[in-house]
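Structural overview
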Amino acid sequence: MTEWVVLDIEGTLSATDQVLVVLYDYARPRLGPWIDEHASDPVVAEAVAQVRELSGVTGGTDELVAVLHGWMDADRKVTPLKTLQGLIWQRGYAVGDLVAEFFPDVVPTLRKWHEDGVKLAVFSSGSVAGQVAFFGHTTDGDLRGLFEHHFDTVNAGPKREADSYHAISAVLGSSDVTFYSDVPAELHAAAAAGWQTVGVARPGEPYGEADFSPHRTVAAL
Ligand SMILES: CSCCC(=O)C(=O)COP(=O)(O)O
Ligand SMILES: [Mg+2]
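Small disclaimer: the values here were computed from a predicted structure and weren't measured.

1. Quick look at the sheet that holds strand S1 (residues 4–7)
Ordered by their spatial adjacency, six strands build an open sheet running S3-S2-S1-S4-S5-S6, and the pairing between neighbours is parallel. The sheet terminates laterally at strand S3 (147–151) and strand S6 (216–218), the two strands that pair on one side only. For this sheet, the mean angle separating the axes of adjacent strands, direction not counted, is 25 degrees. In this structure, strand S5 (residues 196–200) lies alongside S6, joined through three bridges in parallel fashion. Bridging across to S6, Val-200 finds its partner in Val-218.

Below, the structure is given as structure tokens:
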């Protein structure tokens with residue numbers, strides 16, 4: 001049995017539409033008001049500065065929002081976008097607008113692994129703040145206690161680079177780690193860092209028919 005299981009979210013634990021439709025549609029109209037109402041929050045100010053730097057935009061909130069919407073339409077997992085989305089979703093879960101849903105196999109399997117002594121962590125492009133709110137408000141209740149660690153592109157790095165997985169191993173204090181993801185490029189990066197890998201090829205999902213070789217592949221956890 002592996003010491004650690006690290007899990008991707010979108011396409012692995014939850015349907016891609018949960019993120020790209022439900023969560024993105026919730027964030028889209030709220031980005032502008034959030035930026036204006038939280039301009040003095042250092043996290044928001046830093047995210048806005050990064051959006052300006054990456055896009056070259058010098059105008060007001062409307063121009064920033066146009067950039068953010070463009071990134072969302074292209075599903076570009078750009079870190080400042082994920083930071084702003086995470087703050088909006090955190091509020092959405094707290095006030096009861098949002099409830100996280102999983103594929104049917106997910107919660108029973110996570111509970112079994114946890115009971116069997118396997119340590120669980122998450123590595124997602126979604127910000128840690130968004131992840132924690134997500135697992136705290138699910139159709140199966142508060143699942144935060146199942147996870148020892150949360151990683152994102154801020155505290156670990158890009159998901160398609162081996163260095164990010166080395167950084168996570170250093171925090172976990174172990175290289176006995178198995179990574180579950182629906183994206184082959186993420187599995188290649190994890191394998192390059194010495195992790196065990198499992199491709200999650202769920203029928204009907206964007207990567208359901210992808211070539212996962214040489215990784216072990218399952219259709220459900
Ligand atoms: C509240 S978690 C939202 C997850 C998210 O924003 C996302 O982009 C998922 O990407 P992943 O790396 O988990 O495929
Ligand atoms: Mg994914």
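2. Section: the environment of Ile-35
Mapped onto the secondary structure, Ile-35 falls in helix H2 (residues 31–37). With sequence-adjacent residues up to four places away left out, Ile-35 is seen in contact with Val-44, Val-48, Thr-61, Leu-68 and Leu-84.

3. Things to note about the nonpolar core
If you look at the biggest cluster of nonpolar residues, it comprises 52 residues, and the most contacted ones within it are Leu-7, Phe-102, Leu-110, Trp-113 and Leu-221. When sequence neighbours within four positions are dropped, the list of residues in contact with Trp-113 reads Val-5, Leu-7, Val-118, Leu-120, Tyr-180 and Leu-221. Formed by 18 residues, the second largest nonpolar core is a distinct cluster that contains Phe-123, Ala-156, Leu-187 and Ala-193.

4. Some details on the packing of aromatic side chains
Applying the stated rule across the entire model yields 12 aromatic pairs. Measuring from ring centre to ring centre gives 6.5 Å for Phe-123 and Phe-179, while their planes differ by 45 degrees; the resulting arrangement is tilted. Of this pair, Phe-123 sits in strand S2 (residues 119–123) while Phe-179 sits in strand S4 (residues 177–181), placing them 56 residues apart in sequence. An identical accessibility class is assigned to Phe-123 and Phe-179; each is buried. Considering the side-chain rings of Tyr-165 and Phe-179, the 5.3 Å spacing of their centres and the 65 degrees angle between planes classify their relative orientation as edge-to-face. Of this pair, Tyr-165 sits in helix H8 (residues 162–172) while Phe-179 is found in strand S4, placing the two residues 14 residues apart along the sequence. Judged by its relative accessible area of 0%, Tyr-165 falls in the buried class.

5. Quick word on a negative patch on the surface
On the surface, Asp-36, Glu-37, Asp-62 and Glu-63 cluster together into a negatively charged patch. Breaking the negative patch down by element, the ones donating at least two residues are H2 and helix H4 (61–73). Its location among the elements puts Glu-63 in helix H4.

6. With respect to H4
Between its first and last C-alpha, H4 extends 18 Å over 13 residues, near the 18 Å set by a 1.5 Å rise per residue. Among the residues making up H4, those that are buried are Thr-61, Leu-64, Val-65, Val-67, Leu-68, Trp-71 and Met-72. An end-on view of H4 places all buried positions within 160 degrees of arc, on one side of the element. Turned more than 90 degrees off the buried face of H4, the exposed positions are Asp-62, Ala-66 and Asp-73. Looking at the packing, one finds that the buried side of H4 touches helix H1 (16–27), H2, helix H3 (42–55) and helix H5 (79–94).

7. Things to note about the layout of surface pockets
Taken as a whole, the largest pocket holds about 560 Å³ of empty space. Going through the elements one at a time, H1, H5 and helix H7 (128–136) are the ones with two or more residues in the lining of the largest pocket. By residue number, the principal contributor to the lining of the largest pocket is H1, which donates four residues. Grouping the constituent residues of the lining of the largest pocket by class yields 11 nonpolar, eight polar and nine charged. Among the domains, domain 1 (4–15 + 99–218) and domain 2 (21–95) are the pair contributing at least three residues each to the lining of the largest pocket.

Definitions and cut-offs
- Residues numbered from 1 in each chain as written.
- Chains lettered and ligands numbered in written order.
- Predicted model: local features only at pLDDT ≥ 70, side-chain atom pairs only at ≥ 80, totals over all residues.
- Heavy atoms only, no water.
- Pairing = 2+ DSSP bridges.
- Helix = DSSP H or I, 4+ residues; strand = E, 2+ residues; numbered from the N terminus.
- Axes fitted to C-alpha atoms, helices over the stretch in contact; angles between N-to-C directions.
- Contact = heavy atoms within 4.5 Å.
- Core = buried A, V, L, I, M, F, W, Y, C linked by side-chain atoms within 4.5 Å.
- Buried < 20%, exposed > 50% of the residue type's maximum accessible area, 1.4 Å probe, protein only.
- Phe/Tyr/Trp six-rings, centres within 6.5 Å; stacked < 30°, edge-to-face > 60°.
- Patch = residues over 30% accessible without salt bridge, like charges linked within 9 Å, V, L, I, M, F, W, Y side chains within 5 Å.
- Areas by Shrake-Rupley, 256 points an atom, 1.4 Å probe, with all protein chains shown as cover.
- Salt bridge = Lys/Arg side-chain N within 4 Å of Asp/Glu carboxyl O.
- Lys, Arg positive; Asp, Glu negative; His and termini not counted.
- Charge placed at Lys NZ, Arg CZ, Asp CG, Glu CD.
- Expected span 1.5 Å × (residues − 1).
- Arc of directions from axis to C-beta.
- 1 Å grid on protein atoms, 1.4 Å probe; cavity = no way out; pocket = protein on both sides within 12 Å on 5 of 7 lines; lining within 4 Å.
- Points joined across faces, edges and corners; volume = space filled by probe spheres on them.
- Nonpolar A, V, L, I, M, F, W, Y, C, P; charged D, E, K, R; others polar.
- Domains from an automatic or database assignment.

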